[in-house]
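An overview of the molecular structure
Listed below, chain by chain, are the residues.
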Amino acid sequence: MGDFGRLYEQQYAVALFNQMRYDVEGGGGPQPQLLHRKVPLKNKSIFSGALFQYLEENKKWRNRFLFIPDSYNINYYDNKQAHDRGLHPKGTINCAGYRVLTSMEEYLELLNTSLPGVKAKVGSSPFLKCATQFPLILWHPYARHYYFCMVTEKEQQKWNAVFQDCVRHTNNGLPEECKVQTPAFTDAVRLYRQAHGHYGTWDMMCGTPPQILANLVMETLLPEMRDLITPKLKGKMHEKQRNWMLISDAVYGLVQSQAQAQYEAVVQSCEAGRPPLETIIRTDMDQIITSKEHVTSKIRGLVLPKAEKLLKVSIQPYISSILEALMEPTSRGFFEVRDLFFRELVDMSKNLLNDGNKEKLGEHMEKISMLAFHPVKMQSCYDKMETLSLEGLQQRFDVSSPSVFVQRAQILMREQMDDAVYTFEQLLHQSLEGQEGEDLCKTVQRCQDRVIKKYDYDSSTVRKKFFREALLQIFIPYMLKQLSPSCSAELPRFQELIFEDFSRFILVENIFEEVVLHTVMKDIMMAVKEAAVQRRHNLYRDSIVLTNSDPNLLLLGENPPIDWAEEYGGGQEEEDGESAGDHEAQKRRRMKQVVSMIQLEGTPSVLPNESCLEVPAVENIPEETEVRSDASLSQKSERQVPNGTKEDVNRNAVEEKPPTNRSTLKEEESTTEKSLLDTESKSAIDCAIQEIKNAVQEEEHELRTQKAAESSSSKEESAAEEVDAAHNCQEGARLNQADTNKDTPSSTDQKPLDSPIREVEVMSASEQQENHITASTQDSHMEKTIASSQQDDSGFQLPANEAEGEEHQTVKEECSDSETGEDTGKGESAHMDHQ
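Residues numbered from 1 in each chain as written. Predicted model: local features only at pLDDT ≥ 70, side-chain atom pairs only at ≥ 80, totals over all residues. Heavy atoms only, no water.

The next subject is the overall build of the protein. Each helix and strand in the protein was counted, giving 28 helices and 9 strands. Considering the protein as a whole, with its 835 residues, one finds that 45% of them fall into the buried category. Considering only intrachain contacts with a sequence separation of at least 6, the fraction spanning at least 24 residues in the protein is 76%. Element-wise, carbon and sulfur atoms account for 50% of the exposed surface of the protein, whose accessible area totals about 43,700 Å². (Helix = DSSP H or I, 4+ residues; strand = E, 2+ residues; numbered from the N terminus. Buried < 20%, exposed > 50% of the residue type's maximum accessible area, 1.4 Å probe, protein only. Contact = heavy atoms within 4.5 Å. Areas by Shrake-Rupley, 256 points an atom, 1.4 Å probe, with all protein chains shown as cover.)

Written out as structure tokens, the structure is:
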């Protein structure tokens, strides 16, 4: 940490000078065409759900609820209720430096490399037995490992995509907003590793500065510690591996805490000395630049001949092949991003074509707005980059692994997707403000075409920059390693050419690296430009699009973010339901989740707090809730009963009700079975039939009385009679429709049309259970007869007196039919039991 602190102080002054010079002179380069979202994940969470975790403390599997906020740290709780109440998590996982493994074989292979002298025998059982056959393991070379299990393969795939996104985000590197601290830190780390003979790319350059420094310390400390502790480990092979992991994790935590304290002290001292440095730079910037150019020309005379010879022999023959190896998977990944964005907008347009309104548009846009941060949907884009292979180059150019380039390209894909979505949001919102009656699909299509063109240009610009940076990361360390032995001894004599006042801003080591970089940069630029001229992989030349091609669009980037759910409906209802409770609880409930929660259908959202082995497997895990239209439901019912009668259709409608209705129907059927097996069932049925007959006679008497009253009133007012007949016809049709869809009785305050409903109501509880299906069948049969009698085939209404005559005849037929209720009930119950 002492050596690093001295390097950091030197590089801090150089980075401060470079930043102030850049602010004065400015920098060229093409301007992006898409807008950039400043805070993309405001009030958003990435994912949450329940799974099984292995605990090292008691060596058991337990249920855990995982919640991943916008920081991409994994918080785990005992259950979902603990998270909802705002309790502190049981633990938090920072995924920087981790790898996600999907099988125990991969894990054991990496585990055997941690202790070279302790390896598992062939065929020996692992120290950890997975609870299910779908594990996910977070592996780290220094920190503790985390073990999870899922119930199904689809659940494992979703969690794998989420964990990979957490690792990718935390490995992204240091924030680019810190224009001085970030380059000073990265240059200090690189120079420190080069001083110890490490020139190539480094996989563990990930996480926060204290984490990177801890990785830097552990790189040299771990081998020494292994040699010291391994001979003293006792027990079986599995116990040795487990104890070594615990020791390594404890040491890593100590190193990280000390590195953080010392790094913060170094940064604080540099920031305190920044004002006087800025004063010197502003006063003497021209002289500093002149002095630096003079020293650069002298060093170039020393380095250039050797660098050009090395470049011609060892670099130029490989530039085109390495560039092609980078362009193929990267371009396919960016094309997949474009296709995914296009498909989502096409699906939205299709849904708006049927019942297009702004409320539906707001629902779709609420989902599309977070498309870039949906790891499951973006996984197809990321997978294209996983095929990158640099075999044969890793030994020659000291490239540890292609994971550094893979993760960087995947982060750029996510940024480009979010820029495209954000630009589309702003254009669409501007188009909707002044256009009420215009077709939404046409508006979406115009904005979509406009954004796709801008994406193609920005995609080309981002990819070309990525190719140049990747080639530099591959070639520069190799050239420095080859040139340093012959040039480093002569560099100190050039320090005498620098004034003492400017010596803090001009370092000969940095100038040496800049000379080497400019030597190879010309060939790299030519190779990338040639690929753009040939339009390979849809690359554009920088001169195709002007700098300020769309100035009006840039003004939209200053607008506040759009809340589609609140602006176009759907957000107010949620706020009304959240009036109770404290502010933090409301904030947690309002936090929207990018990925739909894993919830098993028909089971609680949180798994029971017991061992994973006791939880049965469930096949279906719905990724997103699908809304089915009424037309699809009707088609499904037709497919189920292609040749059935109307009663069969009604019974299927009953069976397609939610699970609560279905369970109630099953309970009634089981109760009916038990009552039929009783010895007193026959007497109960006879009693029920007698009561039905009495009720029918009373209803018939009431009907005749009402008929007499209606006939007298019709003689006085014929117009009122027509109105009543029309009302009866509409009510009967409405009753028929309601019974056909729901198969449940309506209210009891209707006209004589609902006499069977009142018959069912006067029964006792046991009689209702025994004759439930019989009564519902009679209801549907009688009401369909009434509806058909009041309307002819052409749909015209019958005269009032004919409708009244048909009603009277129907009631008589129903009285005779009620005598056969016992047989019908038995047959219907047997039929339902069979189903």
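Next, the rest of the story.
Mapped onto the elements, aspartate 456 comes out in helix H13 (residues 440–487). According to the relative accessible area criterion, aspartate 456 is buried, its value standing at 12%.

The next thing to look at is the confidence of the model for the protein. Averaged over every residue, the pLDDT of the protein is 73; the share at 70 or more is 63%. Every residue in residues 570–581 is under pLDDT 50, and counting partners more than four places away or in other chains gives 11 contacts. Segment residues 713–830 is flagged for pLDDT under 50; beyond a separation of four residues in sequence, or across chains, it makes 132 contacts in the model. (pLDDT = per-residue confidence, 0-100.)

What follows covers the packing of helix H3 (residues 104–114) against helix H7 (residues 237–272). Remark: H3 packs on H7, axes separated minimally by 10 Å, with the N-to-C direction vectors making an angle of 75°. Comparing their axes, H7 and H3 come out roughly perpendicular. When H3 is examined against H7, the residues Tyr107, Leu111, Asn112 and Ser114 are found in contact with a partner set consisting of Gln241, Trp244 and Met245. Across the contact of H3 with H7, the residue classes tally to 4 nonpolar, 3 polar and no charged. (Axes fitted to C-alpha atoms, helices over the stretch in contact; angles between N-to-C directions. Parallel < 35°, antiparallel > 145°, perpendicular 65-115°, else oblique. Nonpolar A, V, L, I, M, F, W, Y, C, P; charged D, E, K, R; others polar.)

The tally for this structure, following the rule as stated, stands at 20 aromatic pairs. Between phenylalanine 397 and tyrosine 478, the aromatic rings sit 5.1 Å apart at their centres with planes inclined by 75°, giving edge-to-face as the arrangement. Within this pair, whereas phenylalanine 397 is found in helix H11 (residues 394–397), its partner tyrosine 478 is found in helix H13, the two being separated by 81 residues in sequence. Classification of phenylalanine 397 as buried rests on a relative accessible area of 1%. Aromatic pair phenylalanine 499 and phenylalanine 502: ring centres 5.9 Å apart, planes at 85°, arrangement edge-to-face. Among the aromatic residues, those joined into a ring-pair cluster are Phe4, Tyr8, Tyr12, Phe185 and Tyr263. (Phe/Tyr/Trp six-rings, centres within 6.5 Å; stacked < 30°, edge-to-face > 60°.)

Time to look at the side chain of aspartate 418. Following the sequence through the fold, aspartate 418 ends up in helix H12 (residues 403–433). The residues contacting aspartate 418, other than those within four sequence positions of it, are Arg37, Pro40, Ser369, Ala372 and Phe373.

Here we come to the packing of H13 against helix H14 (residues 508–533). Close contact between H13 and H14 brings their axes to 9 Å; oriented N to C, the two are set at 145°. The two elements H13 and H14 meet at a crossing, and its hand is right-handed. Residues Lys464, Phe467, Arg468, Leu471, Leu472, Phe475, Ile476, Met479, Leu480, Leu483, Ser484 and Cys487 of H13 form the contact with H14, whose participating residues are Phe512, Glu513, Val516, Leu517, Val520, Met521, Ile524, Met525, Val528 and Ala532. Looking at the contact of H13 with H14 residue by residue, the class counts come to 18 nonpolar, 1 polar and 3 charged. (Left-handed = near helix turned anticlockwise from the far one by under 90°.)

By size, the foremost hydrophobic cluster in this structure holds 155 residues, and its most contacted members are Tyr8, Val303, Phe424 and Phe475. When residues in this core are grouped by element, the largest group, 25 residues, is from helix H8 (residues 274–355). (Core = buried A, V, L, I, M, F, W, Y, C linked by side-chain atoms within 4.5 Å.)

Inspection of the secondary structure assignment puts arginine 408 in helix H12. When near neighbours in sequence (up to four residues on either side) are disregarded, arginine 408 contacts Asn172, Glu176 and Phe466.

The subject of this paragraph is the pattern of salt bridges. Overall, the coordinates contain 22 salt bridges when judged by the stated rule. Between arginine 64 and aspartate 78 there is a salt bridge, with its nearest N and O atoms 3.2 Å apart. With arginine 64 in strand E3 (residues 60–68) and aspartate 78 in the loop between strand E4 (74–77) and helix H2 (80–84), this pair connects stretches of sequence that are 14 residues apart. Between glutamate 344 and lysine 377 there is a salt bridge, with the nearest N and O atoms lying 3.7 Å from each other. Taken as a pair, glutamate 344 in helix H8 and lysine 377 in helix H10 (residues 375–385) lie far apart in primary sequence, 33 residues in all. Owing to a relative accessible area of 17%, glutamate 344 belongs among the buried residues under this scheme. (Salt bridge = Lys/Arg side-chain N within 4 Å of Asp/Glu carboxyl O.)

Another aspect to go through is the environment of arginine 168. As for its placement among the helices and strands, arginine 168 is situated in helix H4 (residues 153–170). Along the sequence, arginine 168 and arginine 408 sit 240 residues apart, while their C-alpha atoms lie 8.3 Å from each other. For arginine 168, the contacting residues outside a window of four places in its chain are Tyr382, Gln407, Gln410 and Ile411.

Sheet architecture is open: 7 strands sit in the order E5-E4-E3-E2-E8-E7-E6, paired in antiparallel fashion. Among the strands making up the open sheet, the edge pair consists of strand E5 (91–93) and strand E6 (99–101). Adjacent strand axes in the sheet meet at a mean angle of 35° when their direction is disregarded. In this structure, E4 lies alongside E5, joined through 3 bridges in antiparallel fashion. Along E5, the bridge assignment pairs asparagine 75 with threonine 92. Running over the sheet, H4 touches strand E2 (47–55), E3, E4, E6, strand E7 (135–139) and strand E8 (146–149) and is turned about 95° from E2. (Pairing = 2+ DSSP bridges.)

In this section: the pairing of E2. Along a regular strand, successive side chains alternate from one face of the sheet to the other. Of all 9 residues that make up E2, 9 are buried, and the element is covered over most of its length. Here E2 shows two buried faces, one formed by Phe47, Gly49, Leu51, Gln53 and Leu55 and the other by Ser48, Ala50, Phe52 and Tyr54. Pairing between E2 and E3: 9 bridges, direction antiparallel. The residue of E3 that forms the bridge with phenylalanine 47 is isoleucine 68.

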